[in-house]
Structures are given as C-alpha cells and as structure tokens.
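Observations on the model geometry
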Amino acid sequence: SQGNCVQFDIIGGNAAKGDCIWVPVVVYNFDTILSVQFGLTYDPQTVVPVGKWTYPNLVGLDTTAINFDAVRKIVRFLWANPNADCSGLKDGDTLIMIKFKLIGEPGSCTGIDFFNRSPIQNEVLDCNADEYCFERINTQDDEICIGLPVNLCVLVKEDPLIFMFPLAAHLTIRYTTLA
C-alpha cells in the first residue's frame, strides 16, 4: 500500500429538465498506475447516463471501459494497461466523463457517488500490482440538480398588476382600461 492516495473528484452541475450535463471524474496523484476500477451511483429517478468520454492518452483506454449497468443503476469503469506498463495523468486531468440526461422534476437533485461493493470495488493498482488507497475528495460539488424553469411567470391579481418572476425579480405594470 502506498502513502499517497489516488484522489478522485466528481464534479456535478445544474441544468434544466430534459437537458444533458457532462460529469467529469478528475484525478490527482494518478501516476505509475497499472489499473483502476470503480462504480458510480446516481438516482435513476433524477438522471440517466446517456454518453461517455475517456482521457485520450492512456494506453488502451476508450469508452468500452465504461459500462452502464441498467439493472443495478450504476456506471462501471475498469481500465488496465494492456501492455502491463504503468501510466499516469497530471494532477487535475479528467480521467472520464459521463453524460447524464436530467429526467427528474425541477428542483430535484442527485448525488453522484462511488459504489464500493459487489460486483465492483474501488481499486487502484500500482506497477507491482499493489493497491493504492482510493480517496474521494471535494464531495460538496458532486450533485446534479435540475433547475427550476425561468421562463414562467405567475400572474397575481392585485392593483397594480404584478408579474412575479423566479429569482426574485419583479416587474410592476400599471394599466388603465379604456371605456
């Protein structure tokens, strides 16, 4: 086991219902790596994975390393260097990205988390096939949230007539009627 953990940062975001958002998994201390595997969980009532991207310069890494497990509702990732060599990335490089379609109700959120139980364990191996520690960092920014619509307004019957817009913006319209 190594002293420095390989660190993984999942970065979520916000979008409107029906839109898609790319969620990167960024790595730190990802050097002299022989293989890595992990799973990602999400709320299938809020988002659904629809696309995948992988870092282009790791030997043997392509989108076939990412599997959408529809039964367990997880995303599986498994990469091993086919040449049995070690590879690495610079701190802050994006290892993979998952494209999620937002299908839940406006205002709903889901955390994207690591799935660390059967059938897949979070694991990183170094050149000697010894396990590095696996550390998740910056957990405060790993949510995907579906934004509230901003193109709707509520008509309130008052005098003066007031249209209330989301985000606390108000527009007051004074009117007169013609007889």
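Residues numbered from 1 in each chain as written. Predicted model: local features only at pLDDT ≥ 70, side-chain atom pairs only at ≥ 80, totals over all residues. Heavy atoms only, no water.

Turning our eyes to something else, we now look at the side chain of Asn-81. Relative to the assigned elements, Asn-81 resides in the loop between strand 7 (74-80) and strand 8 (93-102). Polar side-chain contacts of Asn-81 include one of 3.1 Å to the backbone oxygen of Asp-85. With near-sequence residues (within four places) excluded, Asn-81 lies in contact with Leu-34, Val-59, Cys-86 and Ser-87. (Helix = DSSP H or I, 4+ residues; strand = E, 2+ residues; numbered from the N terminus. Polar contact = N/O pair within 3.5 Å; in protein donor to acceptor, adjacent residues only side chain to side chain. Contact = heavy atoms within 4.5 Å.)

When the charged atoms of two side chains lie near each other, side chains of opposite charge can form a pair. On inspection of all chains with the given rule, the structure shows five salt bridges. The closest approach of N and O atoms between Glu-105 and Lys-17, which form a salt bridge, is 3.3 Å. Of this pair, Glu-105 sits in the loop between strand 8 and strand 9 (109-111) while Lys-17 sits in the loop between strand 2 (13-15) and strand 3 (20-28), and the two are 88 residues apart along the sequence. Among the salt bridges present, the one from Arg-136 reaches Asp-113, with a minimum N-O distance of 2.5 Å. Here the residue Arg-136 occupies a position in strand 13 (residues 134-136), and Asp-113 occupies one in strand 10 (residues 113-115), the gap between them amounting to 23 residues. Overall, the relative accessible area of 31% leaves Asp-113 in the partly exposed class. Salt bridges sharing partners connect three or more residues here, namely Asp-69, Arg-72 and Arg-76. (Salt bridge = Lys/Arg side-chain N within 4 Å of Asp/Glu carboxyl O. Buried < 20%, exposed > 50% of the residue type's maximum accessible area, 1.4 Å probe, protein only.)

As far as function goes, none of this settles anything; it's purely spatial.
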